[in-house]
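# Descriptive analysis of the structure
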Amino acid sequence: MSSDRIESTAAEWLAREDRGLSPQEALALAQWLEESTLHRVGYLRLKAVWQRADRLSALKAPPGRAGRFPRGILRPAVWMAVAASLLLTMAGGTWLLLRRPAQVFATSVGKTEAVRLADGSRMELNTDTKVRADVTAARRIVTLDSGEVYFDVVHDDTRPFTVYAGNRRITDLGTKFAVYRAGDDVRVTVHEGRVRVDMLGRPALDTPVVAEAGHMVVTKGGETLLLNKPAEDIARDLSWRQGLLVFNQQTLAEVADQFNRYNSRKIQVEGSARKIRIGGSFRADNIDVFVLLLNRGFGLTVKDQGETILVSR
Amino acid sequence: MPGRMAEKAVDDWFMQDVLPLEPMLTRFLQRNWRNAAEIGDLRQETYARVYEAARRERPLQVKPFLFQTARNLMIDRLRRQNVVSLESMADFDWLNISDDQPSSEATVAARQELRVLQAALDALPARCRQIVVLRKVEGLSQKEVATHMGIAVDTVENQVAKGMRLLAQAMSGRRGAVATEARRFNALRKSRDVQ
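Treat the numbers as computed from the prediction; the structure is a model and nothing was measured. (Residues numbered from 1 in each chain as written. Chains lettered and ligands numbered in written order. Predicted model: local features only at pLDDT ≥ 70, side-chain atom pairs only at ≥ 80, totals over all residues.)

### Structural notes on the pairing of strand E3 (residues 122-125) of chain A
All names here are of chain A. As a reminder, the rule being used: Counting other C-beta atoms within 10 Å of a residue's C-beta gives its exposure: the residue is buried at 20 or more, exposed at 12 or fewer, and partly exposed in between, where C-beta atoms are placed from the backbone. Strands are runs of DSSP state E lasting at least two residues, helices are runs of H or I lasting at least four, and both sets are numbered from the N terminus onward. Strand pairing requires that DSSP identify at least two bridges connecting the strands.
Here E3 shows a buried face lined by Met-123 and Leu-125 and an unburied face lined by Arg-122 and Glu-124. Where strand E2 (residues 113-116) lies against E3, four bridges are found, and the strand directions are antiparallel. Note on E3: the bridge partner recorded for Ala-114 is Glu-124. Linkage of E2 to E3, two consecutive antiparallel strands, is achieved through a turn of five residues, within which Gly-120 is found at a positive phi near 95°.

Encoded structure:
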């Protein structure tokens, strides 16, 4: 057996061990290890690495330092948890609710949805979004697969609220914030309080960025940009929560991209019309009125082709 | 069973005293062996010889013993291949063993250890990385990872096996080893799927 083959078999055994071995499997493993010292050293080598990897737990989000509520006073989160557990107990055995494993929430194009989590935190899902929330008595972990979510987090010093998006991790430090993910590009908009944004790998690049209200963090690959935004820009970026798209002198091409996030019918802008600057506030789902205004206000030609609406000079 | 006790003691010794020398051993083999594809085999064979020797009698000094074993193994192989010449023997870097500063590597500071792990973690493919993060950073069980990601436990198990090998490779002291190893792993997977 080549070292490669032995190594992959050893890895399979260790992965099974990591999951939990049945008595039969334990016996089979013992036999495999007895067969050859090559098996044993291959196994021990990977076992040592997997044990060393336990050190990665040092990267676990440390408790936040929000300190909005002085020590000694029960924080609202605790009251809420107490009230919730009382309610649940009264409901009879539904304690399981608090131990519920990951839940998946998703919206289709043009839809938004508000969700309250077991810890009292809220999530508002924007259009075309998929998110997994794992909120138990022991942890609060959310993974954003795609789209955009606005978080209103009930802060808990003992249980950090952690959002994974692409290769980034966003940790709540007592706050309201939105995370948008398109592939591996991530954008974090902080509405209130503070969040920490970091990467788990790349020791050289992983200086965490702490963003406060009015900040926007934009990442691409290993690069992280921290922007200071006027309050109106932040409000504009979060206007989707009211079902609105708000623009301030953005190009028609950018505006069309925004509308297209919310509608299955797509606006396609051609030629010099792409550079026209647009301002104003529009209902995200009211694409017909928007193109009508383009026609009346700018005299643009609008051709409705069913799935696509062509806009040109 | 006394035999099993002894075995456990040898296992512990091997993991704590021998395996931390791996980056050094790998570089030593690379310096002295032309065919890079055989380094993994040589390393494993060296480990097996060291382990078996230790089962009979624990060597007093680990590092010289490990390198002596690797050296003897390479000589054996060259003899078997019938290509050994004085020139190639002279090329060998045998005498440099003690020049390497092993103490710093054997006792890597906790901080540096974490950096090594982080770098290895970063080089993992995205999905594999997320699974290792949830398992090792967040401390979820394989089953919990599966539920969180909405994938089968078997998939998590496969990715854990893959992650383990890639981490081991990344930490064994070869530069750019992870990407190579990922390609090799995928190629191996494919060839096995075809069969």
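### Comments concerning the domain arrangement of chain A
Defined as follows: Each domain's extent was defined by an automatic or database domain assignment.
As far as domains go, chain A holds domain 1 (3-56), domain 2 (76-232) and domain 3 (243-312). Distance from the C-alpha centre of domain 1 of chain A to the C-alpha centre of domain 3 of chain A: 59 Å.

### Details of the pairing of strand E11 (residues 223-228) of chain A
Across six bridges, strand E10 (residues 215-220) of chain A lies against E11(A) in antiparallel orientation. Residue A:Thr219 lies in a different strand from E11(A), and its bridge partner there is A:Thr224.

### Observations regarding the nonpolar core
Test applied: By definition, a nonpolar core groups buried Ala, Val, Leu, Ile, Met, Phe, Trp, Tyr and Cys residues that connect through C-beta atoms lying within 7 Å of each other. Contact between two residues is assigned whenever their backbone-derived C-beta positions fall within 7 Å.
Counting residues in each nonpolar core, the largest one holds 60 residues, and the members touching the most others are A:Leu14, A:Leu46, A:Val49, B:Ala70, B:Met164 and B:Leu167. In this structure A:Leu46 touches A:Ala10, A:Ala11, A:Leu14, B:Met164, B:Arg165 and B:Ala168, once residues within four positions along its chain are discounted. Counting residues in each nonpolar core, the second largest holds 52 residues, with A:Ile141, A:Val142, A:Val269 and A:Val291 among its members.

### Thoughts on the sheet that holds strand E15 (residues 301-304) of chain A
Residues and elements named next belong to chain A. In plain terms, the rule: Angular values range over 0 to 180 degrees, each being the angle between N-to-C directions of two axes fitted as lines to C-alpha atoms, with helices fitted over their stretch in contact.
On the basis of which strands lie adjacent, the open sheet formed by three strands has the order E13-E16-E15 and mixed pairing. If you trace the sheet from one side to the other, it starts and ends with strand E13 (266-269) and E15, each paired once. Neighbouring strand axes in the sheet, compared pairwise and without regard to direction, differ in orientation by 20° on average. Here E13 runs beside strand E16 (residues 308-312); their pairing, made up of four bridges, is parallel. Bridge pairing in E16 links Gln-268 to Leu-310.

### What about the interface of chain A and chain B?
Rule in force here: Side-chain classes are defined by residue name, with Ala, Val, Leu, Ile, Met, Phe, Trp, Tyr, Cys and Pro counting as nonpolar, Asp, Glu, Lys and Arg as charged, and the others, Gly among them, as polar.
With 46 residues of chain A in contact, the opposing surface of chain B contributes 40 residues. Counting residues per element, the ones that place at least two in the side of chain A that touches chain B are helix H1 (3-19), helix H3 (37-52), strand E4 (129-135) and strand E5 (140-152) of chain A. Of the residues contributing to the side of chain A that touches chain B, the split by class is 22 nonpolar, eight polar and 16 charged.

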